[in-house]
Amino acid sequence: EFAGARQWATALADDRMWGALQTTVVYTLACLAIQIVLGMAIALLLDADRRGYGLLRALMTLPLVVPPAVTGMMFLLMQDAQFGVLTYGLVQAGLLDPTKPLLGTSSTALAAIMLADIWQWTPFMVLTFLAGLRALPKEPFEAAAIDGASPVQAFRYLTLPMLSRVIAVAVLIRSIDLFRIYDYVYIMTGGGPGTVTETLSFYAGRIFTLANFPYAATLSLIALIVLNAAAMLFIRLTRIRF
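In this report, we go over the structure that sits alongside the text. (Residues numbered from 1 in each chain as written. Predicted model: local features only at pLDDT ≥ 70, side-chain atom pairs only at ≥ 80, totals over all residues. Heavy atoms only, no water.)

With that out of the way, let us pick up the packing of aromatic side chains. Summed over all chains, the structure comprises four aromatic pairs. A ring pair is formed by Phe-75 and Trp-119, whose centres lie 5.9 Å apart and whose planes are at 55°; its orientation type is tilted. Of this pair, Phe-75 sits in helix α4 (residues 68-78) while Trp-119 sits in helix α6 (residues 109-134); the two residues are 44 residues apart in sequence, bridging distant segments of the chain. For Phe-75, a relative accessible area of 7% translates into the label buried. Taking relative accessible area as the criterion, Trp-119 reaches 34% and is therefore assigned partly exposed. Relative to Tyr-186, the ring of Tyr-182 has its centre 5.8 Å away and its plane inclined at 15°; by these criteria the two rings are stacked. Given the relative accessible area of 30%, Tyr-182 is considered partly exposed. Under the relative-accessibility criterion, Tyr-186 is labelled exposed at 52%. Clustering of aromatic rings is evident, with ring pairs tying together Tyr-182, Tyr-186 and Phe-202. (Phe/Tyr/Trp six-rings, centres within 6.5 Å; stacked < 30°, edge-to-face > 60°. Helix = DSSP H or I, 4+ residues; strand = E, 2+ residues; numbered from the N terminus. Buried < 20%, exposed > 50% of the residue type's maximum accessible area, 1.4 Å probe, protein only.)

The values reported here are purely geometric and, on their own, carry no functional implication.
Below is the structure:
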């Protein structure tokens, strides 16, 4: 008996699915914005031929080779309410209530997961932007300096327009990766507290473990459709050519 339409109807009426989709979108947009800003700032700082900068650029690759599950476990331990070094530092600085652990509080759990993602994948943005910066021609910047343009004006009117395609490709790649987030959620919170950190991929995985394979496949297809639609719209708006 064909029951495909029934699964889609169940998914569209599932408040938990819509909540997971909302969490996924918030997670993707927040992490993406922070990684773009930090990545560009660090790339601008490293865009020089000073002594030791080559080593710093090489060290940027280290977080990228760490498996996401290992990164999640690292931050789980650092954010532990009893012995976590990150929790201890925030408590000593007066920024965190010791009775409200980062991963156990609904208002901070998602942000705590984002820290792991930002730490691991900001270097990807740094290296991508840095490669674009190193490939930019020097003549327009020299002409702008002669005309009296400030560094901020040169960045706004020269660097950003010439680097726009590189930024667009980096944003597209990271958006796709962020939207399918699963590892950090599974390791650090298991979707909790409650369903606050439950993303669409994690919800589909949880349904799969319950042996409800048709509904899990439907949720995965919904994620694929949403991601493809967003990616195609972004490509059309930014006019990326592959």
